[in-house]
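As a plain string of letters, each chain reads:
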Amino acid sequence: MTDHPSTVPAGKPTSYSRVTLSRIMTAVDVNLYGTVHGGVLMKFVDDVAGAAAARHSGGTAVTASIDEIVFSEPVRVGDLVHAHAQVNWTGNTSMEVGVRVVAERWDSAEDEPVRVATAYLVFVGVDVGGAPRAVRPVLPETPEDERRFREAEIRRAHRLAKRRAIQAARAG
């Protein structure tokens, strides 16, 4: 009997995928209202989520969708912004990455960081030819990780239901 290696890599704990990126926002990042442009924060979110997805999947992962991004507070020039990401859920080839963005205000550095945005993105692991490839399962470690996993499954079910409803409407 010949042993065949599994095509799915061994699972990794949630903590393995955690990534934080930080940067100081400058005048180059500003919109017409004098605060940091939402598009700058969106790219920052995508960058940190991509790093978490690549780390977890052990290779290239590409953005498939931004499920949700919520801006809760404006970011100002001079703020030190931290984007924290982790893989919340995995399927066969896809992963949901959650991102939390906080800002340390330059003019009140002793205060607690302010949550400025949250986001959920879906990434797909791809091979060198760009085709989807299997990604390792995520192994939740804490009750918080378990909660995030369950909520990611709800978001996935909603995405799939929305896709089916739109396809049905187009066909009808």
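Scroll up a little and you will see the structure.
Residues numbered from 1 in each chain as written. Predicted model: local features only at pLDDT ≥ 70, side-chain atom pairs only at ≥ 80, totals over all residues. Heavy atoms only, no water.

1. Here's the deal with the pattern of salt bridges
In this structure the tally under the stated criterion is 10 salt bridges. Two residues, D145 and R18, come together in a salt bridge whose shortest N-O distance is 3.1 Å. With D145 in helix α3 (residues 143-171) and R18 in the loop between α1 (14-17) and β2 (19-24), this pair connects stretches of sequence that are 127 residues apart. Assessed through its relative accessible area of 3%, D145 is described here as buried. The exposure class of R18 is partly exposed, given its relative accessible area of 36%. The partner of D67 in a salt bridge is R159, with the nearest N and O atoms 3.1 Å apart. (Salt bridge = Lys/Arg side-chain N within 4 Å of Asp/Glu carboxyl O. Helix = DSSP H or I, 4+ residues; strand = E, 2+ residues; numbered from the N terminus. Buried < 20%, exposed > 50% of the residue type's maximum accessible area, 1.4 Å probe, protein only.)

2. Comments concerning a nonpolar patch on the surface
Taken together, M42, I66 and F71 make up a surface patch of nonpolar side chains, about 250 Å² in accessible area. Within the secondary structure layout, M42 lies in helix α2 (residues 38-57). The class of M42 is partly exposed, set by a relative accessible area of 35%. (Patch = residues over 30% accessible without salt bridge, like charges linked within 9 Å, V, L, I, M, F, W, Y side chains within 5 Å. Areas by Shrake-Rupley, 256 points an atom, 1.4 Å probe, with all protein chains shown as cover.)

3. Observations concerning the nonpolar core
Core analysis: the largest hydrophobic core is formed by 31 residues, its most contacted members being V97, V99, V101 and F123. Element by element, the count of residues in this core is highest for α2, at seven residues. If near-sequence neighbours (up to four positions away) are discounted, V101 is found in contact with V45, V81, H82, A83, V114, R115, V116 and A117. (Core = buried A, V, L, I, M, F, W, Y, C linked by side-chain atoms within 4.5 Å. Contact = heavy atoms within 4.5 Å.)

4. Quick look at α3
Each α-helix winds once per 3.6 residues, and so residues spaced three or four apart point in a common direction. Over its 29 residues, α3 runs 42 Å from end to end, which matches the ideal 42 Å to within 8%, given 1.5 Å per residue. Contact partners of the buried residues in α3: α1, β3 (61-71), β4 (80-90), β5 (94-104), β6 (114-125) and β7 (138-139). (Expected span 1.5 Å × (residues − 1).)

5. Some details on the sheet that holds β3
Here we have five strands laid out as an open sheet, ordered β2-β4-β5-β6-β3, and antiparallel in their pairing. This sheet does not close on itself; its edge strands, each paired only once, are β2 and β3. Strand after strand, the sheet turns through a mean of 20° between neighbouring axes, direction not considered. With six bridges joining them, β2 and β4 adopt antiparallel strand pairing. Directly across from R23, in β4, lies its bridge partner V81. In this fold α2 packs onto β2, β3, β4, β5 and β6, with an angle of close to 45° to the strand it touches most, β4. Against the sheet, α3 contacts β3, β4, β5 and β6, and its axis sits at roughly 75° relative to β4. (Pairing = 2+ DSSP bridges. Axes fitted to C-alpha atoms, helices over the stretch in contact; angles between N-to-C directions.)

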